[in-house]
Amino acid sequence: MKLTISATPLRICKKITVLIASICCCVMTYAAELQLKVSDAQGQPITDVVAALVPEQKPVFNQPLLASIDQHNKMFTPAIMAIRTNTLVKFPNSDDIRHHVYSFSPAKKFELRLYHGMTAEPVLFDKPGTVVLGCNIHDSMVAYIFVVDTEYYALSDAQGNVNIQAPAGKYRLQIFHSRLTTSAPEIPVALSDNKPLQQQVKLENLASEKNEKASDEFSGLF
Amino acid sequence: MYMPRVSYLIKLLAFLLSLVITLEAISYIATSVVIKKAVTQNARAELVAGGELFSRIMQKNVEQLALSVKILTEDFGFKDAVATQDEKTIISALNNHSARISADIGVLITSDGKLIASDQSFALLVDDEFSELTARAKEKGQAYDIVRVDGRAYQFVIFAVKAPVVIGLAGMGFEIKKEFSLDIKKLTGLEVSFIHREDDAARYLNGTLKAENVKNLLQQLPQHQKIGEVFVYDELISLAVPAARQNKQLLAILQVPLSEVLAPYSHLNLQLFFLALVFSLVAAFAAWMLARSVTKPVTLLADIARRIAGGFYATPIEVKSNDELGDLAKAFISMQKAIGEREQQVLYQSEHDPLTGLPNRLRTFPELQNAISRAGVLKQSVYLLVIDIKNFTQVNDELSQEIGDAVLRDVGQKIGRIITHGEVLRLGSDEFLAIMMAPDANVISDSVELIHNAFKTPLIISGIQVSVDVNIGIASYPMDADSAESLLRRASLALNEGRSSEQRSCWYQAGWDEQHLRRLHLFREFESSLHAGYISLYYQPKINLEQPDTLGAEALVRWRHPELGFVPPDEFIGVIESSGQITLLTRWVLKTAIVQLRKLLDEKIKITCSVNLSALDLLVDELPAYVAELLQANRVPAENLYLEITESAIMREADKCLHNLQRLRSLGVTLSIDDFGTGYSSLSQLKKLPVSELKIDKSFILNLDTNADDQLIVRSTIELGHTMGLSVTAEGVESEAIKTILKQYGCDTAQGYLYSKPLPAADFIRWVHDYLEELQ
């Protein structure tokens, strides 16, 4: 089973992350495969959808993994990332300004006070769930870390295709996306070795595409 | 029609004042109108500007709220509290931030819709309106509006709390309270009302209006739907502006009371009014001055005119102005002067004789009074000389009027030259007065003598010598008279006395005036006495010496006045002759005598009766007819009536007298010459008279027996009479001796006390009877 992490053209340059992911994922390959296509209510493919196959039997991850989200040009890179529970994520700061990374998400609440460069300690994400990252100084900086209790997960590409290879067995398919207003229901799936399971998922409850610029509701009222 | 007298001053004043007041009123009204219009327009503009200001204040509030809420939502701690749903912390944060900007409420809505508010009761009351706002905020990240919660209006701002995704909505609100309205009013100067309008019903949320105005506003509002347009009702200039963004039901009404707008104007109005008043007063004063400048000189001139009318011509008139009034005043001056001069002239002429230039009669009494009043002080006497040109009528008649005038002029001048210390006046036609003052009469006598001397040489007039003589009568004050009037009268009396007694100068003698006055009294009393019977006829018998039974009688007038007593005939006959009443008397006597004669004839007494005629009677042409009438009426034969006339009676107007005498004679009446021998009648004249009898005056008879002269006269007179064919009667026969002499001389008839004194009618009849009896 090959873990493919497809990056959007914008994010191609983030080689380090790719490398780390390759190191931990590419060592093993599995026979069974889930071929998932994600679209919205209108049937348009959705990119950056996290799909994770959580085995029936909850696995135990003793060895923490390493991951990193860089801050460059007042942006989190990558802005969307899926990790396995018990992963240490580093938040290096490539900008020449300081950032104050925080999260109030229940899955992982933390705060990295104003810092430069590599001075911040890595944060351990030990609980599954969605963690929204922000910078207290720069409101526009947002990053999503979807923490899943499995090693079998992937992000959809521009065509909304996600391929996950995993050992044959029964899983709960979990879908995550930054625009989902409510968590998507889990879908039980069974993978077998002989044939990849093809599945289509339509996501309702998607928040509309956010305007980058907030509307001004207060000027010229009267 | 009655026209009340309105002085020119009042008229002019009224005109000018009304002019000024009208102009003032017009300008005042015009100014008021313009100001009011401008002020009202200005008020509208102000209201619009106020609306603008109101909007800005509201905007400012919103911005303040927005800022505050933004700060709140960006606070890391707050985000933390929201993310962790730490309600207590959230509430305290809301309170804290609300307090910073004095917001009335702060809320937080969690991502799962829970509402946490700084005031928990608020949370329980929110309704759809608020939910709408939160929904909008959720969608847009922020929202503003005015919302109503439990009937209260709030300006509310809501922001999304992002960490960095939306984890809740935080909001803050200002309640639109009375204080808020008052603040806006303080800033804009406008009345502010917040109104909630739903369908047709409007609700007053808040504002600065008084309760009664609120009611009116709510009633008026539906009629003025248009927002942003100024409307006026109940003296309120109003403007409706939207208060909320979405909530179209919320309005703010901004108002300016017209009275408030007009308040400065009313002050200005008052100022204008006072200004107009002051100007009117000033104008009134100016008008008064102007009017007075016209009327004062006119009044002054009117006064002067009245003084001129009163005869005072010396009022000084000061001419100051060079205008028409000045001309008028100048005309007044010349008029006053001219009138004064003319009056002087008239007065002079009226008091002066144009011929001689001497003061005339009018000046007599003033001059006399003047002299008398000075006499007492100077202890001198006033002497009044009345000078009369003796022969002036003659000069006038024989020469000419012109020469007469020249004579008067010369005489006046001569007297004037002599009487240097005194006044000379011309009293009348040829009479002059000289008023002199002297301590005694000697000075006057000298002057009188000088006057007489002056006329010894004749006057030369136009080459003609005219001899002039004067009579002078003199009286003095206080010796002869005690007043100017009596002085003049007495001097005149003296003149008359002198004239009749042929004296050149005659001083007044005491008693003359009294005599004169008695004569006047007699004159006045005569006629009434005649009617009252105080005058009666007495009869004295005339006896024929040859035939004693041939009887005659002379009727004699007797006047017994109840006060004056017996008035002698000589006295009163003269008076009534001069007054012309003699004719009246003669007629009465004739009538009475003829009636008496009738009676005697009726008693078979053969008698004639003589009646005296006055000289004046002969001038009356009606007399013969009257006599004839009387005789006929009483059936008395004409031969029984004798009419006696005096010699002197025929002297004047001899022809006329003669004519009338002849007419009487032709009636058959016998005419006698009475008092013969006392007059100056010539024989030739006597010869012409149609008389039949001569009566010798008793002055020749009374002493006939002793006086040889009288005897000679009487005898020759009797002879003369007989020669001329006249019978002769002797009057005043008082003794038998005289009777004898007369009989001896051949006198025909005798009359006198020897027979009888004059007797009243009844006595006379008795006497006749006695006499006739005695004869037999």
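Residues numbered from 1 in each chain as written. Chains lettered and ligands numbered in written order. Predicted model: local features only at pLDDT ≥ 70, side-chain atom pairs only at ≥ 80, totals over all residues.

Time to look at the overall build of chain B. Secondary structure assignment for chain B yields 24 helices and 27 strands. In chain B, buried positions account for 35% of the 776 residues. (Helix = DSSP H or I, 4+ residues; strand = E, 2+ residues; numbered from the N terminus. Buried ≥ 20, exposed ≤ 12 C-beta atoms within 10 Å, placed from the backbone.)

The next subject is the overall build of chain A. A tally of regular secondary structure across chain A gives 1 helix and 17 strands. Counting every position in chain A, which comprises 222 residues, the buried fraction comes to 35%. Counted over contacts in chain A with a minimum sequence separation of 6, partners at least 24 positions apart contribute 65%. (Contact = placed C-beta atoms within 7 Å.)

This paragraph deals with the nonpolar core. Buried together is how nonpolar side chains tend to be arranged in soluble globular proteins. If you look at the biggest cluster of nonpolar residues, it comprises 121 residues, and the most contacted ones within it are A51, I145 and Y153 of chain A together with V157 of chain B. Element by element, the count of residues in this core is highest for helix 1 (residues 8-74) of chain B, at 9 residues. For V157 of chain B, the contacting residues outside a window of four places in its chain are V62, L65, A66, V69, Y144, G171 and M172 of chain B. (Core = buried A, V, L, I, M, F, W, Y, C linked by C-beta atoms within 7 Å.)

It is worth spelling out the confidence of the model for chain A at this point. All names here are of chain A. Mean pLDDT over chain A: 80, with 81% of residues reaching 70 or higher. When pLDDT is averaged over each element of chain A, strand 7 (residues 87-90) comes out on top at 93 and helix 1 (residues 15-25) at the bottom at 43. The low-confidence segment residues 1-27 (pLDDT under 50) makes 34 contacts with residues lying over four places distant or belonging to another chain. (pLDDT = per-residue confidence, 0-100.)

Turning our attention to the packing of helix 15 (residues 512-532) of chain B against helix 16 (residues 569-579) of chain B. All names here are of chain B. Running from amino to carboxyl end, helix 15 crosses helix 16 at an angle of 75°, the nearest separation of the two axes being 9 Å. Considering their axes alone, helix 15 and helix 16 lie roughly perpendicular with respect to each other. Here R519, L522, F523 and F526 of helix 15 come into contact with helix 16, specifically with F572, V575, I576 and S579. In terms of residue class, the contact of helix 15 with helix 16 is made up of 6 nonpolar, 1 polar and 1 charged. (Axes fitted to C-alpha atoms, helices over the stretch in contact; angles between N-to-C directions. Parallel < 35°, antiparallel > 145°, perpendicular 65-115°, else oblique. Nonpolar A, V, L, I, M, F, W, Y, C, P; charged D, E, K, R; others polar.)

Low pLDDT marks stretches whose predicted atomic positions should not be read closely. With 98% of its residues at a pLDDT of at least 70, chain B reaches an overall mean of 85. Predicted as a complex, the structure gets a pTM of 0.47 and an ipTM equal to 0.77.

Paired through their backbone hydrogen bonds, the strands of a sheet run either parallel or antiparallel. Residue and element names in this part refer to chain A. Strand order in the open sheet formed by 5 strands is 6-12-11-8-9, and the pairing between neighbours is mixed. Either end of the sheet is taken by a strand with one partner, and the two such strands are strand 6 (80-84) and strand 9 (108-115). Between one strand axis and the next, the sheet turns through 20° on average, direction left out of account. Note: strand 6 against strand 12 (residues 142-148), 5 bridges, orientation parallel. Considered in strand 12, the bridge of R84 is made with V148. (Pairing = 2+ DSSP bridges.)

All names here are of chain B. Spanning 21 residues, helix 15 covers 29 Å between terminal C-alpha atoms, matching the ideal 30 Å at 1.5 Å per step. The largest bend in helix 15 comes to about 40°, at F526. Listing the buried residues of helix 15 in full gives L522, E525 and F526. In this fold, the buried residues of helix 15 make contact with strand 19 (551-561), strand 20 (565-567) and helix 16. (Expected span 1.5 Å × (residues − 1). Bend = angle between axes of the 7 residues up to and from the residue.)

Glancing now at the sheet that holds strand 6 (residues 191-198) of chain B. Residue and element names in this part refer to chain B. Sheet architecture is open: 5 strands sit in the order 7-6-10-9-8, paired in antiparallel fashion. Of all the strands in the sheet, just strand 7 (201-207) and strand 8 (230-233) have a single pairing partner and so form its edges. Neighbour-to-neighbour, the strand axes of the sheet open up by a mean angle of 35°, direction not taken into account. The pairing of strand 8 with strand 9 (residues 236-242) spans 4 bridges and is classified as antiparallel. Residue pairing in the sheet places Y233 in a bridge with L236 of strand 9. Contacting strand 9 and strand 10 (250-257), helix 8 (residues 258-309) runs over the sheet at an angle of about 30° to strand 10.

All names here are of chain A. Among the 7 residues that make up strand 12, 7 are buried, leaving the element largely enclosed by the rest of the structure. Neither face of strand 12 is exposed, since V142, Y144, F146 and V148 on one face and A143, I145 and V147 on the opposite face are all buried. With 6 bridges joining them, strand 11 (residues 129-135) and strand 12 adopt antiparallel strand pairing. For G129, the partnering residue across the bridge sits in strand 12 and is V147. Between strand 11 and strand 12, which pair antiparallel one after the other, the connecting turn spans 6 residues.

Right, let's talk about the environment of D469 of chain B for a bit. All names here are of chain B. Mapped onto the secondary structure, D469 falls in the loop between strand 15 (464-466) and strand 16 (470-477). Given 13 C-beta atoms within 10 Å, D469 falls into the partly exposed group. Each C-alpha atom, one on D469 and one on I387, is 10.0 Å from the other, the two residues being 82 residues apart in sequence. Among residues more than four places away in sequence, those in contact with D469 are K390, N391 and F455.

All names here are of chain B. Secondary-structure assignment places K379 in the loop between helix 10 (361-378) and strand 11 (381-389). Given 7 C-beta atoms within 10 Å, K379 falls into the exposed group. In the structure, K379 is positioned 58 residues away from M437 in sequence and 9.7 Å away in space, judged by C-alpha atoms.

A few words now on unusual backbone geometry. In terms of backbone geometry, most residues other than glycine have negative phi values and most peptide bonds are trans. Across the junction of A163 of chain B and P164 of chain B, the peptide omega takes the value -20°, indicating a cis bond. For P164 of chain B, the position within the fold is in the loop between strand 4 (152-162) and strand 5 (166-175). Looking along the chain, the bond that leaves Y477 of chain B and enters P478 of chain B is cis, with omega of 10°. Checked against the element boundaries, P478 of chain B lands in the loop between strand 16 and helix 14 (484-500). Phi angles above zero are rare outside glycine, and D48 of chain A is one such case at about 55°. Here D48 of chain A lies in the loop between strand 1 (32-40) and strand 2 (50-55). At N86 of chain A, a residue that is not glycine, the phi angle is positive and equals roughly 65°. Within the secondary structure, N86 of chain A sits in the loop between strand 6 and strand 7.

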